[in-house]
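Observations on the model geometry
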Amino acid sequence: MEWYQSEILWSLIKILVLFFLIITGAGYYTLMERKGAGYFQLRYGPNRAGIWGIFQPLADGIKFLLKQETLPKHVDVYLFLLAPAISVITAVLLWSTIPFTPLIDLPFEVLGKSQVALQVLNPGSGILLLFAISSLSVYGVMLAGWSSNNKYSLLGAVRSTAQMISYELSLSLSIIGVIMMAGHFDLYRIIEAQNENGWFFLSVPGFLGFFVFIVALFAETNRLPFDLAEAESELVVGFHTEYGAFKFALFFVAEYMNMITVSFLTVILFFGGWNIPFFLRDMVSGMWWGPLVGVLFFVFKAMFFMFLFIWVRWSLPRFRYDQLMNIGWKYLLPMALIQIFMAGIYLYLK
Amino acid sequence: MENIREILFFLFAFVMMGASFGVILHKNPVKSALFLVVFFVSLASLYGVLGAEFLAVLQVLVYVGAIMVLFLFVIMLIAVRDENFENIGANKGKTMVVFLLVLAFTMQFAALASVLSSDDKINTKTEYSKTIDSAQNLTIEGNAEVLSFHLFEKYILPFELISIVLLIGVIGAVVIAKKNRRRLE
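Just so we're clear, the structure is a prediction, and the values are computed from it rather than from any experiment.

1. Re the packing of aromatic side chains
Residues and elements named next belong to chain A. What the rule picks out here adds up to 31 aromatic pairs over all chains. Between W95 and F264 the ring centres are 6.2 Å apart and the planes differ by 80°, which places this aromatic pair in the edge-to-face class. Here W95 is found in the loop between α3 (77-93) and β1 (104-110), whereas its partner F264 is found in helix α10 (residues 245-270), with 169 residues between them in sequence. The pair W95 / F264 is uniform in exposure class, with both members buried. Ring plane angle 55° and centroid distance 5.2 Å describe the contact between Y188 and W274, whose orientation is recorded as tilted. Taken together, the positions of Y188 in helix α7 (residues 187-197) and W274 in the loop between α10 and α11 (278-284) put the pair 86 residues apart, joining distant regions of the chain. Of the aromatic side chains, those joined through ring pairs into one cluster are W199, F201, F207, F210, F213, F270, F271, F304 and F305. Of note, K63 hangs over the ring of F64, and the distance from its end group to the ring centre comes to 4.9 Å.

Here it is in structure tokens:
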């Protein structure tokens, strides 16, 4: 066996590539957010570190690393330190199941296959694994709030937990229509199903599911207009009030990583992933760079949703807590249930 | 490969043992609940080692992601203090009862284990595919498919009965909560 035929080596390469991408992506997403916020408010945003502030994420990272690490007196030390780690670990783990590229032809054989996709693991229950990991991320917020021994932190954590429980229900129900139409839990096959039948967004149950999905995502990622867990006008910054320096940076980075992940997930579930538009399909078919064009479209579509998060954040005010619960239980949940019913009818008629 | 499987089994089993002791011995209820989370996650990993990835994912999704979050939420809200719990061993009689129960359980478990080990070894390989209809050569593949075939074809009656039991539980909870509210008013 050749030395490069080891499965561990190839997984390691994929993991390293994805880890580099997610760290850089999150860094530059913060820059995009700050720039976007600047233009929404008729100012420039960061523009000192390099041209267009291109080195700003690097400078921020160095700043967070060099700040003094402080530990408040009455905290529960182990859980206090564990909480940001859980947040960032779940955020990184989420990337393991997302297929970023279709199968790409290789000039040589690897592990008996001549094709490879940039996806660390592809379990049969891909989308469920993704939801299982993301359901763990609530522990980061919860433990941070509880272990801080601070009223505001605890209030933020309690709010966040209640919010996540309410919205995770709608979120997981909203994708059932897609799973029914695709017939698989596997993310790769969900994209392939859209390659054949068109985007799920364009079908009736898919459209309804998308609407519920995107609203629930804002709640799940703790973004405005649903960021009650860190409502700065009421709770200082909520669950991470007591955190500083790099521990805060971990929460911060995890939030942006999660937003990138869910942007890609939205595209995978409802907008056909790396599907190539019909007018380009004949042109690229059979070319070795064909899949890469698809990846380019994939990233562009995901970038639109990343922009949507910024757009909404700087356009809408925060909801009140009772309004948040009303939307979750009285509107989104029934809509998600109707969507499942409609998916059944859709499949029956097809 | 089999070797790695065995090492992983003992690793997760060890973590599970430690975590379950943590659940019953730790004085802080929040940390007890967290030990239970660790227990569930390592149990899911154990399922994963056995090849039942679908079950593993559901274990994490349902128990860790939903049930334990609710548990912790309630514990945090009512804010139980450490002093509410007496020291372990303070009450001799209770300690004795717990000790005897644990001993009885361990003996029973050992008996069960010896019975099982005398037979064939526990099947560590999962059926990834199953022939539904050999005449039409219909097969299903994958964890979720095999599981749902068993649930919705073979064991449909118990499955529906369980869902009715759960429904009864939900209605019961609502009734109990309503009663308390009326008394308060």
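2. Considerations on the interface of chain A and chain B
Each partner contributes residues to the interface: chain A has 23 residues there, and chain B has 22 residues. Together, the buried faces of chain A and chain B total about 1900 Å²; carbon and sulfur atoms form 80% of this surface. Considering only the side of chain A, the residues that lose the most area to chain B are A:Y139, A:M142 and A:W146, jointly responsible for 28% of the buried surface there. Summed over the shared surface of chain A and chain B, the number is 1 salt bridge. Taking the shortest distance from any N to any O, the salt bridge between B:K31 and A:D76 comes out at 2.9 Å. Run the count over chain A and chain B and you get 2 residue pairs in polar contact (both at pLDDT 80 or more). Contributions of two or more residues to the side of chain A that touches chain B are made by α4 (126-147) and α5 (151-174) of chain A. Within the side of chain A that touches chain B, the residues separate by chemical class into 16 nonpolar, 5 polar and 2 charged.

3. Overview of the side chain of B:S32
Residues and elements named next belong to chain B. Of note, S32 is situated in helix α2 (residues 29-49). Looking at S32, its side chain comes within polar contact range of the main-chain oxygen of V23, at 2.9 Å. Among residues more than four places away in sequence, those in contact with S32 are G22, V23 and H26.

4. Some remarks on the environment of B:G93
Here B:G93 shows up in helix α4 (residues 92-118). In this structure the C-alpha to C-alpha distance between B:G93 and B:G48, which are 45 residues apart in sequence, comes to 41 Å.

5. Some points on unusual backbone geometry
Residue and element names in this part refer to chain A. Unlike most non-glycine residues, N149 shows phi in positive territory, near 60°. Within the secondary structure layout, N149 lies in the loop between α4 and α5. Look at N222: it is not a glycine, yet its phi comes out positive at around 60°. For N222, the position within the fold is in the loop between α8 (204-220) and α9 (232-235). In this structure N222 comes out as buried when scored by relative accessible area, which is 7%.

6. Structural notes on the pattern of salt bridges
Residue and element names in this part refer to chain A. A complete count under the given rule lists 8 salt bridges over all chains for this structure. The salt bridge partner of R189 is D186, with a shortest N-O separation of 3.8 Å. Here the residues in one salt-bridge network are E33, R223, E255 and R313, joined through shared partners.

7. Quick look at the packing of α2(B) against helix α3 (residues 53-78) of chain B
Residue and element names in this part refer to chain B. The contact between α2 and α3 brings their axes to 9 Å, and the two run at 175°. Classified by the interaxial angle, the pair formed by α2 and α3 is roughly antiparallel. Along the contact surface, α2 presents P29, V30, A33, L34, L36, V37, F40, V41, L43, A44, Y47 and G48, while α3 presents L55, A56, Q59, V60, Y63, V64, M68, L72 and I75. Its residues placed into classes, the contact of α2 with α3 shows 19 nonpolar, 2 polar and no charged.

Rules of the game
- Residues numbered from 1 in each chain as written.
- Chains lettered and ligands numbered in written order.
- Predicted model: local features only at pLDDT ≥ 70, side-chain atom pairs only at ≥ 80, totals over all residues.
- Heavy atoms only, no water.
- Phe/Tyr/Trp six-rings, centres within 6.5 Å; stacked < 30°, edge-to-face > 60°.
- Helix = DSSP H or I, 4+ residues; strand = E, 2+ residues; numbered from the N terminus.
- Buried < 20%, exposed > 50% of the residue type's maximum accessible area, 1.4 Å probe, protein only.
- Lys NZ or Arg CZ within 6 Å of the ring centre and 35° of its normal.
- Contact = heavy atoms within 4.5 Å.
- Buried area = accessible area lost by both parts, 1.4 Å probe.
- Salt bridge = Lys/Arg side-chain N within 4 Å of Asp/Glu carboxyl O.
- Polar contact = N/O pair within 3.5 Å; in protein donor to acceptor, adjacent residues only side chain to side chain.
- Nonpolar A, V, L, I, M, F, W, Y, C, P; charged D, E, K, R; others polar.
- Axes fitted to C-alpha atoms, helices over the stretch in contact; angles between N-to-C directions.
- Parallel < 35°, antiparallel > 145°, perpendicular 65-115°, else oblique.

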